[in-house]
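Single-letter residue listing:
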Amino acid sequence: MPSVITEFTGLSTAAKIERANRTHQAPHQGGPGATINTTNIASNNRFEVRHSFCASLRPQQIDIFRTIRDGKDIYVSLGAGGGKTLPIICYWFEVLLGLNVMGPRPFANIREPRQIMRAIQQLFTLTNIRKLPKIIFCVPRKALAIQIREQDFIPAIKSILIQMFDHLEKLTSVGNFFENTEGFVSVLIDIIDSCPHKFRELGMLRRFLAEYHKVLTYNADPNNSEYIANVENYEREFRRYMSDYIEFISRLLIGLRTGESHEQVGTNIVTVSIHQSLPNLLKDYEKAGIIGELRLVVLDEWHMAQFGSAEKLHDDEAYNISQAIYGSMEMLSNHNVRFVCLTGTVHPSTARMFVELVNSYFKRNFILKVLPGKNPAKFNIVVDNSLS
């Protein structure tokens with residue numbers, strides 16, 4: 001089965017970057033798993049919802065997921081199209097966000113009102129960004145960073161959130177979980193009121209729900225056709241508001257930080273950056289007092305930090321990337337942060353040399369996973385310039 005989230009899986013990094021430069025404006029939502037079109041929550045837009053993309057992990061992807069979950073550093077060498085990014089996405093959802101996505105149908109085990117309440121609270125707790133564990137995902141180029149944010153992470157979180165709401169609402173039949181729709185709306189209002197951050201989008205949703213609640217309780221007459229029509233209009237409007245909220249929360253969770261972008265630090269859970277920006281980003285995390293919330297640093301296309309890279313980089317660029325990463329490892333040596341290095345174009349001996357270097361010099365605990373794949377290329381690792 002092909003890799004999840006990217007439309008250019010199987011291409012070299014140079015081809016990905018070229019494609020990203022041309023097409024990063026248009027989000028892509030392709031991926032494996034059962035796909036349905038849904039218009040119930042997202043009434044004004046049609047989203048492709050993947051009900052099982054984290055359940056479709058292959059054995060080698062499950063191995064990557066479990067290694068990260070168990071708190072170990074990992075260097076993954078897997079051929080182009082092998083699906084290296086998917087275990088990161090699933091780790092983010094399942095472990096860091098606490099959402100149940102690893103089953104064949106996410107959230108299907110939520111049946112009781114108590115479970116529903118917890119699931120709804122989880123969803124709105126996502127707005128409390130500062131207290132949630134964080135990931136930094138690094139790539140070599142700004143265009144590729146934009147592409148990964150727009151075409152990998154944002155569509156993935158939209159898909160998960162839509163599944164959650166669709167399951168909770170059961171195709172608008174909330175009476176399955178609560179005594180009536182009024183009770184469901186009241187619960188949503190109470191949860192929003194308890195959110196620590198009063199985002200404008202939450203305020204708009206809160207005001208609408210208050211109006212909706214009045215309609216449901218004032219002169220309620222299920223036999224009155226005018227009352228029924230009014231309630232149905234509010235149901236449709238509710239789905240539009242939820243669609244807007246899903247769009248808002250998806251972009252709130254995923255940030256972009258490159259040399260030319262300056263989003264406020266700490267306002268996202270996942271920050272997509274370029275390798276060279278990582279040291280400055282970590283310094284900003286320290287200044288903001290949130291370095292302790294960082295859990296994972298992912299270094300994608302890591303082979304581009306090596307001399308003689310198949311991507312035809314100048315050696316000085318490979319040197320700058322490698323020094324930025326080595327400096328970041330040094331900065332994080334006293335923090336509980338795991339590193340994940342992903343590459344699809346590296347010779348196994350190069351991978352072993354790198355793992356031995358960082359494990360001995362930076363006291364890391366990298367586990368090397370050289371998995372069957374394509375395009376093995378041998379080149380020299382770049383050594384930290386502070387080594388004697």
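This write-up is about the structure you can find in this document. (Residues numbered from 1 in each chain as written. Predicted model: local features only at pLDDT ≥ 70, side-chain atom pairs only at ≥ 80, totals over all residues. Heavy atoms only, no water.)

Turning our attention to the overall build of the chain. Secondary structure assignment for the chain yields eleven helices and nine strands. Buried residues in the chain amount to 54% of all 388 residues. Of the roughly 16,700 Å² of accessible surface on the chain, a fraction of 48% belongs to carbon and sulfur atoms. (Helix = DSSP H or I, 4+ residues; strand = E, 2+ residues; numbered from the N terminus. Buried < 20%, exposed > 50% of the residue type's maximum accessible area, 1.4 Å probe, protein only. Areas by Shrake-Rupley, 256 points an atom, 1.4 Å probe, with all protein chains shown as cover.)

Here we come to the pairing of strand β7 (residues 294-299). Summarising burial for β7: five of the six residues are buried, a large majority. Note: strand β4 (residues 134-139) against β7, five bridges, orientation parallel. Among the inter-strand pairings, Ile-135 is bridged to a residue of β7, identified as Leu-296. In terms of strand pairing, β7 meets strand β8 (residues 338-343) through four bridges, oriented parallel. Its bridge partner lying in β8, Val-297 is registered against Phe-339. (Pairing = 2+ DSSP bridges.)

Let's shift gears to the nonpolar core. Counting 81 residues, the largest nonpolar core has Trp-92, Phe-93, Phe-124, Phe-153, Leu-209 and Leu-253 as the members making the most contacts within it. The element contributing the most residues to this core is helix α5 (residues 142-169), with 14 residues. Non-local contacts of Leu-209, meaning those with residues more than four positions away in its chain, are made with Val-185, Leu-188, Ile-189, Ile-192 and Phe-238. Counting residues in each nonpolar core, the second largest holds 30 residues, with Ile-290, Trp-302, Val-346 and Ala-351 among its members. (Core = buried A, V, L, I, M, F, W, Y, C linked by side-chain atoms within 4.5 Å. Contact = heavy atoms within 4.5 Å.)

Attention now moves to the sheet that holds β7. Strands in a sheet are paired, the pairing made by backbone hydrogen bonds, and the direction either parallel or antiparallel. Strand order across the open sheet formed by seven strands is β5-β6-β4-β7-β8-β3-β9, with parallel pairing between neighbours. Edge positions in the sheet fall to β5 (254-257) and β9 (367-370), since each has one partner strand and no second. Put simply, the sheet's adjacent strands are angled 15° from each other on average, direction ignored. Along the sheet, helix α2 (residues 59-69) makes contact with β3 (74-77), β7, β8 and β9, crossing β3 at roughly 165°. Across the sheet, helix α3 (residues 86-96) lies against β4, β5, β6 (270-274), β7 and β8, angled at about 175° from β7, the strand it touches most. (Axes fitted to C-alpha atoms, helices over the stretch in contact; angles between N-to-C directions.)

The full count for this structure, using the stated rule, is 15 aromatic pairs. Centre to centre, the rings of Trp-92 and Phe-93 are 4.8 Å apart; their planes meet at 25°, and the pair counts as stacked. Residue class for Phe-93 comes out buried when judged on its relative accessible area of 0%. Centre to centre, the rings of Tyr-361 and Phe-362 are 4.7 Å apart; their planes meet at 80°, and the pair counts as edge-to-face. Residue classification places Tyr-361 among the partly exposed positions, given a relative accessible area of 32%. A network of ring pairs unites the aromatic residues Phe-208, Tyr-212, Tyr-234, Phe-238 and Tyr-241 as a single cluster. A cation over a ring is seen here: Arg-240 above Tyr-241, with NZ or CZ 4.8 Å from the ring centre. (Phe/Tyr/Trp six-rings, centres within 6.5 Å; stacked < 30°, edge-to-face > 60°. Lys NZ or Arg CZ within 6 Å of the ring centre and 35° of its normal.)

In this section: the pattern of salt bridges. Side-chain pairs of opposite charge can arise where the charged atoms are in close proximity. One pass over the structure, following the stated rule, counts 14 salt bridges. With its nearest N and O atoms 3.4 Å apart, the salt bridge here joins Asp-70 to Arg-69. Judged by its relative accessible area of 42%, Arg-69 falls in the partly exposed class. Each member of the salt-bridge network shares a partner with another, and the members are Arg-149, Glu-150, Lys-158, Glu-247 and Arg-251. (Salt bridge = Lys/Arg side-chain N within 4 Å of Asp/Glu carboxyl O.)

Right, let's get into the environment of Cys-90. Relative to the elements of secondary structure, Cys-90 occurs in helix α3. For Cys-90, a relative accessible area of 0% translates into the label buried. Placed eleven residues apart in sequence, Cys-90 and Val-101 show a C-alpha to C-alpha distance of 7.3 Å. Residues contacting Cys-90, with those up to four places away along its chain left out, are Cys-54, Leu-57, Phe-65, Val-95, Val-101 and Met-102.

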